[in-house]
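Here is how the chains run, residue by residue.
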Amino acid sequence: MIAEYKELAREIIEFSRKQGAEQVTVTLGSAVSFQVEIREQKIELLKDARSTGVHVIVAKDQKRSSVSSNDLRIEVLKPLIIDTLGSLPFMGEDPFYCLPDPELQGRAEGNLDFVDPAYESYEASEKIRQAMELEQKVLKLDARLNSEQSYYTDSISHSVYADSNGFADGNTKNIFNIGISAFVEDHDPAGINTARKQTDGWYSCNRRYHKLDSLDKIAEITRERVLRKIGAVKPKSTEVPVVFSPEMARSFIGNLAGALMGENVFRKHSFLADKLNESIASSEIYLMDDPLMPEKLGSRYFDSEGVKAKPLVLIEEGTLKNYMLSTYSAKKMGMTTTGHASGISNLLLRPGNVTEQELIESVKDGLYLTFMSGQGANLTTGDYSRGAQGIWIRNGKLAEPVNEFTIASTFMDMLRNIHMIADEIDDRSSILAPAFKVEKMSISGA
C-alpha cells in the first residue's frame with residue numbers, strides 16, 4: 001500500500017511541476033476503522049469504516065493554494081490541480097512559505113513498532129464480545145453501578161508524504177482502544193448532589209492488542225472511580241497544595257505544549273514568547289519531545305514535512321531551551337525547524353522518585369485533582385482557571401469527594417511550584433505525564 005501511494009504521490013508532483021508549479025507537497029493515505037458501542041448488552045453502534053484522502057499544495061512566485069479530494073484516481077486529480085494552479089495569481093504573497101531544507105529531511109533510524117503483526121487476525125465477533133464482557137464485569141462489581149457505554153475501537157492507517165524536494169516516504173500504523181463509562185445515582189444525604197448521577201470510567205489504549213489492560217483491571221478501576229464520587233461536597237474557598245492525578249497532569253502539560261509551539265510564539269499568542277534560556281519552572285522540571293520511543297502513540301520517523309525526527313529538550317532543570325518549530329514558524333523567527341510541523345510527538349515530563357501515594361501523604365490539607373473542565377487555560381496571558389472535581393486530602397489521606405469549584409493560578413506560578421513529581425507515567429496518550437504536586441493554588445468554592 002505504501003509503495004503504491006508513493007508512486008501516486010510522485011506522479012502528482014511530476015504533473016504539477018509540468019503545469020508550472022515551483023513547489024509541490026502531497027499528503028495522501030487511507031484508513032480502516034472498527035467501532036462497537038454496547039449498552040445493557042445491546043449493540044447501539046457498530047461501524048466498519050474505510051476512508052481515503054489526498055491533499056496537494058502547489059506554490060509559485062511566493063503564492064500557494066491547495067486542493068483536497070477523497071478520490072485518489074489520477075485522472076480525477078489532474079483537472080483539480082490545474083484549477084488550483086489557475087487560482088494562484090489571486091492569492092496573496094507569503095515570503096515565509098517554503099519547503100524544508102532537503103538536508104533536514106529523511107527517515108530516522110530504528111524500528112518504532114507501529115503495527116501489531118496480528119492486526120488482521122482479530123475477528124469482529126471477538127471485539128464485540130470483549131465490549132459486552134467488560135460491561136458485565138463492571139455491573140457485577142457493585143449493584144449500584146449502571147452502564148453508560150462500553151466500547152471497543154481499533155484502526156489501521158497507511159499514509160505517505162512527498163514533495164518536490166524529492167522526499168517520499170510513508171508509514172502504516174494501528175491502534176486499539178477498549179473502555180467503559182458508568183454512573184451511580186448519588187443518594188448520600190450529606191452530599192450536595194443527591195439525585196444526581198456521578199459518572200466516570202476507564203479505558204486502555206495500545207498499539208498491541210495483547211498489551212491492552214485486562215477487562216478485570218479496567219472494570220475495577222471504573223468501579224473505584226465512580227463510587228469515590230458519591231457524597232461530593234463543595235469545598236471552601238482557600239489556597240492549598242494540589243496533587244494533579246496523571247490524567248490531569250496530562251491535561252496541564254498538553255495546554256503547556258500549545259505555548260511551546262512556534263505558531264503561537266511568533267504570533268505572540270504565547271506567554272513563553274521571548275523567554276528562551278530563561279528560568280520558567282522549578283529545577284525539577286525536565287520536559288522533552290521524543291518521537292523515537294518504540295510503540296508509543298506519538299512516535300514518528302519524520303514530521304508532516306518529511307523532516308527527520310529527533311528528540312528535543314524543551315525545558316531543562318526549569319530553563320526554557322527550545323520551542324517546537326515547523327519550517328514556516330522557524331523561518332518567521334529566524335531559526336531552524338525542529339521537525340514539529342505535525343505538532344508534538346511523545347511529550348514527556350521526566351518522572352520523579354516518589355510514588356503517587358507519597359505525593360498524597362505529603363499534603364496535610366489540600367486537593368487531589370481528578371477532573372477539569374472549561375477553557376480557562378489562556379496561552380497568551382498565562383492565566384490558568386478551570387472548573388474542577390477531586391478528592392480532599394486530610395492529614396495525608398484521601399477524604400471526601402469535592403466538586404463544583406474552580407482552581408486558579410498562572411502557568412508560570414504553577415511551573416515554579418511543582419516540587420514533587422511521581423515516578424509512574426500514564427502512557428495512554430502521546431502526552432506522557434506522571435502525577436505531580438503544585439505547592440499552592442487558589443480554590444474558589446463555597
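In every chain, residue numbers begin from 1 and rise along the written sequence. It should be noted that, the model being predicted, local features are given only for residues of pLDDT at least 70 and side-chain atom pairs only at 80 or more, the latter also being counted only at that level, while totals for whole chains, interfaces and linings use all residues. Excluding hydrogens and water, the side-chain figures rest on all heavy atoms present in the structure.

Undergrad: Explain the environment of Glu 239 residue by residue, including any values.
TA: A run of DSSP states H or I qualifies as a helix once it reaches four residues; a run of E qualifies as a strand once it reaches two. Both are numbered from the N-terminal end. Within the element layout of this structure, Glu 239 appears in strand E7 (residues 238–244). Between the alpha carbons of Glu 239 and Leu 367 there is a distance of 10.0 Å; along the sequence they are 128 residues apart. Look past the residues within four positions of Glu 239 in its chain and what remains in contact with it is Lys 440, Met 441 and Ser 442. Contacts: residue pairs with any heavy atoms within 4.5 Å of one another.

Undergrad: Residue-level account of the pattern of salt bridges, with values.
TA: Only one rule defines a salt bridge in this text: a Lys or Arg side-chain nitrogen within 4 Å of an Asp or Glu carboxyl oxygen. All chains considered together, the criterion is met by 29 salt bridges. Notably, a salt bridge pairs Asp 365 with Arg 394, separated by 3.8 Å at the nearest N-O pair. A residue pair is termed long-range when its members are at least 10 positions apart, and Asp 365 in strand E12 (residues 365–373) and Arg 394 in strand E13 (residues 383–394) qualify at 29 residues. Residue classification places Arg 394 among the partly exposed residues on the basis of a relative accessible area of 40%. Note on exposure labels: buried denotes an accessible area under 20% of the residue type's maximum, exposed denotes more than 50%, and partly exposed covers the range between, all computed with a 1.4 Å probe on protein chains only.

Undergrad: Provide a residue-level description of the packing of helix H1 (residues 2–18) against helix H2 (residues 74–86), including the pertinent values.
TA: The angle between the axes and the distance between the axes are what describe a pair of packed helices. Interaxial angle, 0 to 180 degrees, is taken between N-to-C directions of lines fitted to C-alpha atoms, where a helix line uses only the stretch in contact. Two elements in contact, H1 and H2, have axes separated by 10 Å at closest approach and are oriented at 35 degrees. For the crossing formed where H1 meets H2, the hand is right-handed. Taken together, the residues of H2 that come into contact with H1 (itself represented by Leu 8, Glu 11, Ile 12, Phe 15 and Ser 16) are Ile 74, Leu 77, Lys 78, Ile 81, Ile 82 and Leu 85. Amino acids are sorted into nonpolar (Ala, Val, Leu, Ile, Met, Phe, Trp, Tyr, Cys and Pro), charged (Asp, Glu, Lys and Arg) and polar (every other residue, Gly among them). Here the contact of H1 with H2 is built from residues that sort into 8 nonpolar, 1 polar and 2 charged. Less than a right angle of anticlockwise turn of the near helix away from the far helix marks a crossing as left-handed, whereas a clockwise turn marks it as right-handed.

Undergrad: Give a detailed account of the packing of aromatic side chains, specifying residues and quantitative values.
TA: Geometry of aromatic contacts follows a simple scheme: Phe, Tyr and Trp rings, the Trp one being its six-membered ring, pair when their centres are within 6.5 Å, and the pair is stacked under 30 degrees between planes, edge-to-face over 60, tilted otherwise. Scanning the entire structure with this criterion turns up 17 aromatic pairs. Relative to Phe 436, the ring of Phe 244 lies with its centre 5.0 Å away and its plane at 25 degrees, an arrangement referred to as stacked. Here Phe 436 lies in strand E16 (residues 431–444) and Phe 244 lies in strand E7, a separation of 192 residues in the sequence. Consider the rings of Phe 271 and Phe 411, whose centres lie 4.9 Å apart with planes at 20 degrees: the pair is stacked.

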